[in-house]
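So the chains spell out like this:
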Amino acid sequence: MMSLRETMLRGREARACRPWPRHVVDHSVWLRAARELGKGRGDMLGLWSDGAEVHMAILDHETSQIGLLSIDCPEGRFPSVAHLHPPAMRLERAIGDIYGLAAQGLPDRRRWLDHGRWGLRHPGRSSENSEPSGDAYAFLPAEGAPLHQIPVGPVHAGIIEPGHFRFSANGETVVRLEERLGYVHKGIERLMAGATLERAARLAGRVSGDSTVAYALAFARAVEAALEMEVPRRAVWLRALMAELERLANHFGDIGAICNDASFSLMHAHCGVMREHILRAAQVCFGHRLMMDRIVPGGVAADLSEEGVEALRAFLKTAERLVPNFVRLYGDTTSLQDRTVGAGFVRPELARQYACGGFVGRASGRAFDARRLPGYAPYDELNFKFGASTTGDVDGRIWVRFDEIRASLPLIEQILDRLPSGEIRAEASSCGETREGAALVEGFRGDIFVWAKLGASGVVERCHLRDPSWFQWPLLEAAIEGNIVADFPLCNKSFNCSYSGHDL
Amino acid sequence: MRKFLFQGLLRNPLTEAAPSPDQDALAELGASLARASRRRLGRSLSIREVDAGSCNGCELEIHALGNAIYDIERFGLRFVASPRHADVLLVTGPVTKNMREALERTYNATPDPKWVVAVGDCALNGGVFAGSYACVGAVAEVIPVDLHIKGCPPDPMALLKGLIALVEA
Ligand code: SF4
């Protein structure tokens, strides 16, 4: 039996993709790779198309190496990965919607991102016009006498993103949850095609607003890999500083919001103030509260001033004083834990199978962090721990966030202490030939994968951005089963999946 | 927990002074506000937020309005869960085609008199997503808009100034 590693080296090496090789394979090798994934020998990091080929990024467990496989689809078909490895399901449905490429053997043939409202089909290639009257959508059946359905969304009760949830419930107990997403599909990958690097970076930073730093970083790293660029050391460290600030701001926001959904508004109030501290420090440091457009291919667009360092040191002092209090407040409030312990349980096998990243994966025992593996500068020079739990419930996902807050604070301190001096930006210029690059970056929500193909003139020909939520949303459906309907907001918030990042 | 609550009693509030209303906003509103109905509603407005395809950045800053520092409720502004309870719709995003109908229906479900505030550059003209096959563009192309608050995303101060103008116009 050929191992996944050997399978990944089969076929013809395609145009050099940096830093990971890409091989064009035939049907049988493609399917063998899918089967190996199905057996748990590797993680699927992404599955996407550029219209002509379908690509898959795989992390091999045996060697801890990442590799890309591609399959040509001259007849508009490719063998489905999903029927051997279910995490590919929605990705294949999306490929069908955008590029009209059919995954043969795909168990679920319903359209996913395409709601029949764009006025055209298959916008990723020569598109056909269609009536924008909206398609009907057949939700999966849940049968049985006492069952009733509860439709929720796309417009929700809170200030959150739009999506539809269809609950089948037996009294108060959820028997099945089915998600329907795609409401915030903005056609970003098509907007990317032909965009200058500058415009593409702005778009990447707006895939998911709460992860604007992580997305800009992932895009920049993919471009820099393609162009084999050196980024000035100071810029590399400033990027990490921004990434950790974003992580902290989101984790504080999340912990407060989860507790608020359990009606514990005290935590929400305190976390909201902490988050505001961070955003204001970011404004002082980089001139934008969310740090949008501050990371660009080649470096960063804003340098850290003395005033910025002071703002951050002041924030660190406050945080070091208050975080232990927050931990105690959560840990000592049993009435709050009564809601969070045991709710929304994610089985470890499922987290592994879906290669589920971020706090959702880590709370269910999947110890993965892109800062460690594949790893990138400057984290190889920094000391940090990442959160871990095996309880898999809402409580576990809160504790992992606390762990990550406690890890990010010293990271920021280390960065401030050791920040190299010098340039902050190198010129990203084209190299007169088509180039490909990819990157995996740890956002607060989990690992973001970006693949970019640059044309000879330096514009982006194709770019794919895969949000961590693709592998978390399906687990929410599983996690809610057997919980009561009233606990859904709590479970949902503890996942905090991105709609915009997923719908793209 | 008791310690936390006790400290809260002793400390000064974190809430910052109110900004003055945005002049441009007052000018934009002057033309569109029906003063009679505003008088009837007094100084209190219920707001329903609708994400019509935003990247979620605008939502983050709208959320921040509720924190102890901006404390939006002191101005009589309150976020409500249903459009049927709302006087104001706060709309973000470049109105994706997949959200267009939901936005229209939300608007229709909001009782008169009502106002629409378009938040962010996307809601103004589609922002970076303008021209996409999947986006309509400006919110004003779908429902009538009374006030625009610009920015990508507008920060909480900009949001507050715009909303205060709405209460005081
Ligand atoms: S205006 Fe900016 S922050 Fe707001 S939704 Fe648009 S891209 Fe996101």
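Residues numbered from 1 in each chain as written. Chains lettered and ligands numbered in written order. Predicted model: local features only at pLDDT ≥ 70, side-chain atom pairs only at ≥ 80, totals over all residues. Heavy atoms only, no water.

- If you look chain B up in an unreviewed UniProt entry, it shows as NADH-quinone oxidoreductase subunit NuoB from Methylocystis heyeri.
- As stated in UniProt under Sequence similarities (unreviewed entry), the record for chain B gives "Belongs to the complex I 20 kDa subunit family." (UniProt positions renumbered as here; feature names shortened; annotations may be inferred.)

- An unreviewed UniProt entry annotates chain A as Hydrogenase expression protein HypE originating from Methylocystis heyeri.

**Examining the overall build of chain A**
Part 1: Secondary structure summary: chain A contains 17 helices and 18 strands in total.
Part 2: Computed over C-alpha atoms, the radius of gyration of chain A comes to 22 Å, within 12% of the 23 Å expected from 2.2 N^0.38 for 504 residues, which places it in the range of a compact globule.
Part 3: C-alpha atoms of chain A, sized along the principal axes, occupy 65 × 60 × 50 Å.
Part 4: Taking all 504 residues of chain A together, the buried fraction comes to 65%. (Helix = DSSP H or I, 4+ residues; strand = E, 2+ residues; numbered from the N terminus. Rg over C-alpha atoms; globule rule 2.2 N^0.38 Å. Buried < 20%, exposed > 50% of the residue type's maximum accessible area, 1.4 Å probe, protein only.)

**Re the site of the ligand**
Part 1: In the neighbourhood of the ligand, the contacting residues comprise R206(A), M292(A), S54(B), C55(B), G57(B), C58(B), G120(B), D121(B), C122(B), G151(B), C152(B) and P153(B).
Part 2: Taken together, the residues near the ligand originate from chains A and B.
Part 3: The set of elements that each furnish at least two residues to the shell around the ligand consists of α4 (57–64) and α6 (120–125) of chain B.
Part 4: Counting residues per element, the shell around the ligand draws most heavily on α6(B), at three residues.
Part 5: When grouped by side-chain class, the residues that make up the shell around the ligand number six nonpolar, four polar and two charged. (Near = heavy atom within 4 Å. Nonpolar A, V, L, I, M, F, W, Y, C, P; charged D, E, K, R; others polar.)

**Details of the side chain of T92(B)**
Residues and elements named next belong to chain B.
Part 1: Along the chain, T92 falls in strand β3 (residues 88–92).
Part 2: Taking the relative accessible area as the measure of exposure, T92 reaches 0% and is therefore buried.
Part 3: Looking at T92, its side chain comes within polar contact range of the side chain of E59, at 2.6 Å.
Part 4: For T92, the contacting residues outside a window of four places in its chain are E49, V50, D51, A52, G53, S54, C58, E59, I62, V119 and A123. (Polar contact = N/O pair within 3.5 Å; in protein donor to acceptor, adjacent residues only side chain to side chain. Contact = heavy atoms within 4.5 Å.)

**Points about the environment of G40(A)**
All names here are of chain A.
Part 1: Take G40: it is sitting in the loop between α2 (27–38) and β4 (42–49).
Part 2: According to the relative accessible area criterion, G40 is partly exposed, its value standing at 42%.
Part 3: Remark: the alpha-carbon pair of G40 and R5, spanning 35 residues in sequence, is separated by 13 Å.

**Concerning the UniProt feature "domain: NADH-quinone oxidoreductase subunit D" (unreviewed entry) in chain A**
Part 1: UniProt records the feature "domain: NADH-quinone oxidoreductase subunit D" (unreviewed entry) for residues 274–429 of chain A in the present numbering.
Part 2: End C-alpha to end C-alpha, residues 274–429 of chain A measures 40 Å, and it is 57% helix and 3% strand.

**Points about the interface of chain A and chain B**
Part 1: Between chain A and chain B, the residue contacts involve 52 residues of the former and 48 residues of the latter.
Part 2: Across the contact surface, chain A and chain B share three salt bridges.
Part 3: We note a salt bridge from E16(B) to R280(A), for which the minimum N-O separation is 2.7 Å.
Part 4: Counting the contacts that link chain A with chain B gives 22 residue pairs in polar contact (both at pLDDT 80 or more).
Part 5: Of all elements in the fold, only α4 (188–192), α5 (197–204), α8 (265–286) and α9 (306–332) of chain A reach the threshold of two or more residues within the side of chain A that touches chain B.
Part 6: Broken down by element, the residue count for the side of chain A that touches chain B peaks at eight residues, all from α8(A).
Part 7: For the side of chain A that touches chain B, the residue count by class is 25 nonpolar, 14 polar and 13 charged. (Salt bridge = Lys/Arg side-chain N within 4 Å of Asp/Glu carboxyl O.)

**With respect to the domain arrangement of chain A**
All names here are of chain A.
Part 1: Considered domain by domain, chain A is made up of domain 1 (4–129) and domain 2 (200–467).
Part 2: Computed over C-alpha atoms only, the centres of domain 1 and domain 2 are separated by 27 Å.
Part 3: Each side of the interface is counted separately: domain 1 has 25 residues, and domain 2 has 25 residues.
Part 4: Buried area between domain 1 and domain 2, both sides added, is near 2,000 Å², and the carbon and sulfur share of it is 60%.
Part 5: Among the residues domain 1 hides against domain 2, the three largest losses belong to R18, L45 and W48. Together they make up 31% of the total.
Part 6: Our count for the contact surface shared by domain 1 and domain 2 stands at three salt bridges.
Part 7: Between R18 and E228 there is a salt bridge; the shortest N-O distance is 3.2 Å.
Part 8: There are seven residue pairs in polar contact (both at pLDDT 80 or more) connecting domain 1 and domain 2.
Part 9: For the side of domain 1 that touches domain 2, the elements supplying multiple residues, two or more each, are β2 (17–18), β4, β5 (53–60) and β6 (65–72).
Part 10: At six residues, β4 tops the list of elements feeding residues into the side of domain 1 that touches domain 2. (Domains from an automatic or database assignment. Buried area = accessible area lost by both parts, 1.4 Å probe.)

**With respect to helix α14 (residues 394–418) of chain A**
Part 1: With 25 residues, α14(A) should cover 36 Å at 1.5 Å per step; its first-to-last C-alpha distance of 36 Å lies within 8% of that length.
Part 2: In terms of burial, α14(A) is a largely internal element, 18 of the 25 residues being buried. (Expected span 1.5 Å × (residues − 1).)

**Some points on the sheet that holds strand β5 (residues 147–149) of chain B**
All names here are of chain B.
Part 1: The sheet built from five strands is open, its strands ordered β2-β1-β3-β4-β5 with parallel pairing. What marks the edges here is a single partner per strand, and that holds for β2 (77–79) and β5. Each neighbouring strand pair of the sheet contributes to a mean axis angle of 30 degrees, computed without reference to strand direction.
Part 2: As paired strands, strand β1 (residues 45–51) and β3 are joined by five bridges and run parallel to one another. In the strand pairing of β3, I47 is matched with V88.
Part 3: Helix α7 (residues 156–168) rests against β1, β2, β3, β4 (115–119) and β5 of the sheet, and its axis sits at about 165 degrees to β5. (Pairing = 2+ DSSP bridges. Axes fitted to C-alpha atoms, helices over the stretch in contact; angles between N-to-C directions.)

**Quick word on the pattern of salt bridges**
Part 1: Applying the stated criterion across every chain yields a total of 44 salt bridges over all chains.
Part 2: Between E101(B) and R105(B) there is a salt bridge, with its nearest N and O atoms 2.8 Å apart. Here R105(B) and E101(B) lie together in helix α5 (residues 97–109), a separation of four residues that amounts to about one turn.
Part 3: Bridged by salt links that share partners, the residues E244(A), R247(A), R362(A), D369(A), R371(A), E404(A) and E442(A) form one connected network.

**Examining the packing of helix α6 (residues 212–227) of chain A against helix α7 (residues 233–261) of chain A**
Residue and element names in this part refer to chain A.
Part 1: Interaxial distance between α6 and α7 falls to 8 Å at its minimum, and their mutual angle equals 150 degrees. The orientation of α6 with respect to α7, classified from their angle, is roughly antiparallel. Where α6 crosses over α7, the two elements pack in a sense that is left-handed. Where α6 approaches α7, its residues T212, V213, A214, L217, A220, R221 and E224 are matched on the opposing element by R239, M242, A243 and E246.
Part 2: Here the residues of the contact of α6 with α7 sort into six nonpolar, one polar and four charged. (Parallel < 35°, antiparallel > 145°, perpendicular 65-115°, else oblique. Left-handed = near helix turned anticlockwise from the far one by under 90°.)

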